[in-house]
Amino acid sequence: MSISLVLRLLLGCALVWPAADAVSFLYQRVVGNAVTPWSDRLTLDVDEKMRRATRENADLLAEVRAACPPDSVAVAELISGNPEDYEPAELMRLARQVGLIDQLRVLLFPNPIIVRRPGAKSYVEQRAASGKPTLYLWLPGNERPKPSAGWERLHQAMMFELWLCRKV
Amino acid sequence: MPEGLIGYGLMILCTVIVPGWFGVGLVRAMGLRATSGVRITLAYGYLVGHLGLAAVMWLWLLLGKPFPGWLFPVTAAVAGTLLYLRARTSGQPRVAREHSLWWVLVPLVIVLIPVLDAAARWNVNPLLFGDESLIWASKAKVWFSAQADERGLLLKNFVEHPDYPMWNPLIQNLSFASAGRVLHWENRLPLQAFSVALLMLMSAAMTRRSHPIIAAVVMFAFAGSTFAMWSQVAGSDVLLACATLACVEALLRWRETGEQVWWRLAFCAAAAMLASKNEGTLLVPVVAVAFAAHWWLAGAAPQSLGQVLRRALWLLLPLGTWFAHFVHNSTYELGNTLVKDTSGRGMLTRITEQFSTYAPQVGQFFYEYCIDVTRSRWILPATLLAAIAVLCRERLRVRRSPAFVLLAVTWMTVCGYLLVFVGTPSDLTWHLGTAADRILLHVLPVACVSLAMMIWPKKLEV
């Protein structure tokens, strides 16, 4: 028996351990996944899946969709910054808001299309000035427009407001 | 019948079965023999089918969707059938069917069960978080829904990393086009099926070149590696891993059999590599250099200029893919912060400047990855030990061994990736934590084939 053969034999045997561990891991995962019934995995309709995915925000999502004109693009504030600069309570509120905006952006697409930008209000005013009426989605904590020339509030709710900015 | 089941059934038909069937027709028309085996035909068929449909899909989107999207699956099914029938009647020479025993397929079936289970479980959730949503699905949605004049604005403000390649978003667009609207669940299906294609390809490659027992052991280890985390996600890492193995395997078979179809498939796969992730621009040259060096060292047979030029024409496929991506990014003024960061420093500059501070941390991370059995399953370090074992016997003859080409592809890529981490413009700990496991997956299948070949090789009957 050559050294090469012995080494390869040993290596082959050594690989049996990670392979067996992998099979055990995969088996445990399949068994663990069984808590999600197959009926839930395959048969739920879109509305039910959406309701489960959005949980307490489901009504809010429906309200935002209803408030926006068809095929519209709305701009929301992009929350950015260093987490260490915020108080824990404020950080929690911002994190919840980021999660909400992600749900709104992703799951409502394309009615409406919601984009995030830093300085959203100024950006909306710039676009309006160039002749493109633009929607602004206001959420608590963001800079709120004042009803004035150019700004019109289309919808007001507890959790959000929808504003339209036009060229004066 | 429940609406959810109808939705999944239709989407599996339109975005998995039909592209696969179209691809099977295409690869058969390109010259792939029926005797190449079911696993190879299905895996290459799925890859090439989606690549071909993605090209047409992009044109369709650029032209403003000139015909209804449901015509895609219908036309693809008809085209696939016609191509398949044409290949059957064109009198391709038939050779004896590849000898394979049914039990060789058992490990493949065993590893497919958790993959399909994980996919079904994951699909309860919409594409909402992480790269699969914020990068890939977002880009697909923008391309499907946005007016041409709003596309630039939305790419920059709705999509994370809008400069990333287009194959994944175009595959998702096939599901949107088939359904006639944006989807939030079913668009994962065609991407998840690439995990199945990858496992089929690995199974075929390993059982062709190594003993079925070691092929099974390595297959199990791979299925329980980081692949288990990413097989169900609609990202592009499994796409790139699949395309890379497809390219490498096709080049090996071209050399072994001399059949031109493998050359063609290798370049299709190279195009797929470039179209799936930016890392493809590192992997394609690595594969090219490794194989060129191998053929040169092993003594390539002399070829006429005509032959060389005819073969070189297939280079247009990856070059065209790269050029299309370049034009896309130039048109919408999209750049990559890894290539040039916000302060204007290029990758090489950063690698030089940060080497002494970042290299130890990167090395430490990679060492921990290698020894952690739950993540690497010891596959990467085992390739090195196996190489030492082979060197003990073969010495300089290893230059003729295809296993060493795959080994070279694996380790050149790993070194390249580690250098990219050294030159990261982001926080290193964050970058390593979020990306390293995932991108090492790109070459893990190639490493697995190499490992199986070195430990218990099988003599090829070509």
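Residues numbered from 1 in each chain as written. Chains lettered and ligands numbered in written order. Predicted model: local features only at pLDDT ≥ 70, side-chain atom pairs only at ≥ 80, totals over all residues.

*Asks:* So what's going on with the overall build of chain B? Residues and values would help.
*Replies:* For chain B, the count of helices and strands is 20 helices and zero strands. Against the globule reference of 23 Å for 462 residues, chain B gives a C-alpha radius of gyration of 22 Å, in line with a compact fold. Taking the principal axes of its C-alpha atoms as reference, chain B extends roughly 65 × 65 × 50 Å. A burial count over chain B gives 52% of its 462 residues as buried. Taking the intrachain contacts of chain B between residues at least 6 apart in sequence as the baseline, contacts between residues at least 24 apart amount to 82%. (Helix = DSSP H or I, 4+ residues; strand = E, 2+ residues; numbered from the N terminus. Rg over C-alpha atoms; globule rule 2.2 N^0.38 Å. Buried ≥ 20, exposed ≤ 12 C-beta atoms within 10 Å, placed from the backbone. Contact = placed C-beta atoms within 7 Å.)

*Asks:* Explain helix α3 (residues 71-89) of chain B residue by residue, including any values.
*Replies:* In a regular helix each residue adds 1.5 Å, so 19 residues correspond to 27 Å; α3(B) covers 27 Å between its end C-alpha atoms and thus fits that length. For α3(B), the elements touching its buried residues are α1 (3-30), α2 (38-62) and α7 (167-179) of chain B. (Expected span 1.5 Å × (residues − 1).)

*Asks:* I'd love a proper account of the interface of chain A and chain B, names of residues and values included.
*Replies:* By convention, interface size is frequently given as the accessible area that disappears when the constituent parts associate. Contacts between the two partners involve 39 residues from chain A, matched on the other side by 46 residues from chain B. Those elements that provide at least two residues to the side of chain A that touches chain B are α1 (3-33), α2 (38-43), α3 (46-54), α5 (88-108) and β2 (113-117) of chain A. With 18 residues, α1(A) is the largest single contributor of residues to the side of chain A that touches chain B. Looking at the side of chain A that touches chain B, its residues break down into 22 nonpolar, seven polar and ten charged. (Nonpolar A, V, L, I, M, F, W, Y, C, P; charged D, E, K, R; others polar.)

*Asks:* Residue-level account of the pairing of strand β3 (residues 134-138) of chain A, with values.
*Replies:* Residues and elements named next belong to chain A. Counting buried positions over the five residues of β3 gives five, a clear majority of the element. Judged by which residues are buried, β3 turns out to be covered on both faces: Thr134, Tyr136 and Trp138 on one side and Leu135 and Leu137 on the other are all buried. Pairing of strand β1 (residues 73-77) with β3 involves three bridges; the strand directions are parallel. Its bridge partner lying in β3, valine 75 is registered against tyrosine 136. As defined by bridge partners, β3 adjoins strand β5 (residues 161-165) across five bridges and the pair is classed as antiparallel. Its bridge partner being in β5, leucine 137 is matched across the sheet by leucine 162. (Pairing = 2+ DSSP bridges.)

*Asks:* Could you give an account of the sheet that holds strand β4 (residues 151-156) of chain A, with specific residues and numbers?
*Replies:* All names here are of chain A. With mixed pairing, the five strands of this open sheet are ordered in space as β2-β1-β3-β5-β4. Single-partner strands in this sheet number two, and they are β2 and β4. Each strand axis lies, on average, 30 degrees off the axis of its neighbour in the sheet, ignoring direction. Relative to β5, β4 is paired through five bridges, and the arrangement is antiparallel. When the sheet's bridge partners are listed, arginine 153 is paired in β5 with tryptophan 163. (Axes fitted to C-alpha atoms, helices over the stretch in contact; angles between N-to-C directions.)

*Asks:* Before we move on, could you go through the environment of B:Ala246 and cite the residues and values that matter?
*Replies:* Within the secondary structure layout, B:Ala246 lies in helix α11 (residues 237-257). Those residues in contact with B:Ala246 that lie beyond four places of it in its chain are B:Tyr44, B:Leu47, B:Leu201 and B:Ala269.

*Asks:* Please give an account of the domain arrangement of chain A that cites residues and values.
*Replies:* If you check the domain split of chain A, you get domain 1 (3-35) and domain 2 (45-165). The gap between the C-alpha centroids of domain 1 of chain A and domain 2 of chain A is 49 Å. (Domains from an automatic or database assignment.)

*Asks:* Can you tell me about unusual backbone geometry, naming the residues and giving the values?
*Replies:* Cis geometry marks the peptide bond from A:Phe109 to A:Pro110, where omega comes out at 5 degrees. For the bond from A:Asn111 to A:Pro112, the omega torsion is 0 degrees, close enough to zero to count as cis. Looking at where A:Pro112 falls in the secondary structure, it is placed in the loop between α5 and β2. In this structure, A:Asp71 is a non-glycine residue whose phi angle is positive, near 55 degrees. One can find A:Asp71 in the loop between α4 (58-67) and β1. With a phi angle near 65 degrees, B:Trp378 is a residue other than glycine that sits in the positive phi range.

*Asks:* I'd love a proper account of the confidence of the model for chain B, names of residues and values included.
*Replies:* Detail in the predicted coordinates should be disregarded across regions flagged by low pLDDT. Per-chain confidence: chain B averages 91 in pLDDT, with 96% of residues scoring 70 or above. Scoring of the predicted complex yields 0.93 for pTM and 0.88 for ipTM. (pLDDT = per-residue confidence, 0-100.)

*Asks:* Go over the nonpolar core with me, naming the residues and quoting the values.
*Replies:* Core analysis: the largest hydrophobic core is formed by 184 residues, its most contacted members being B:Leu47, B:Val218, B:Cys242 and B:Ala269. Among the domains, domain 1 (3-35) and domain 2 (45-165) of chain A are the pair contributing at least three residues each to this core. Excluding its chain neighbours within four sequence positions, the residues that come into contact with B:Leu47 are B:Gly23, B:Ala197, B:Cys242, B:Ala243, B:Ala246, B:Ala269 and B:Ala272. (Core = buried A, V, L, I, M, F, W, Y, C linked by C-beta atoms within 7 Å.)

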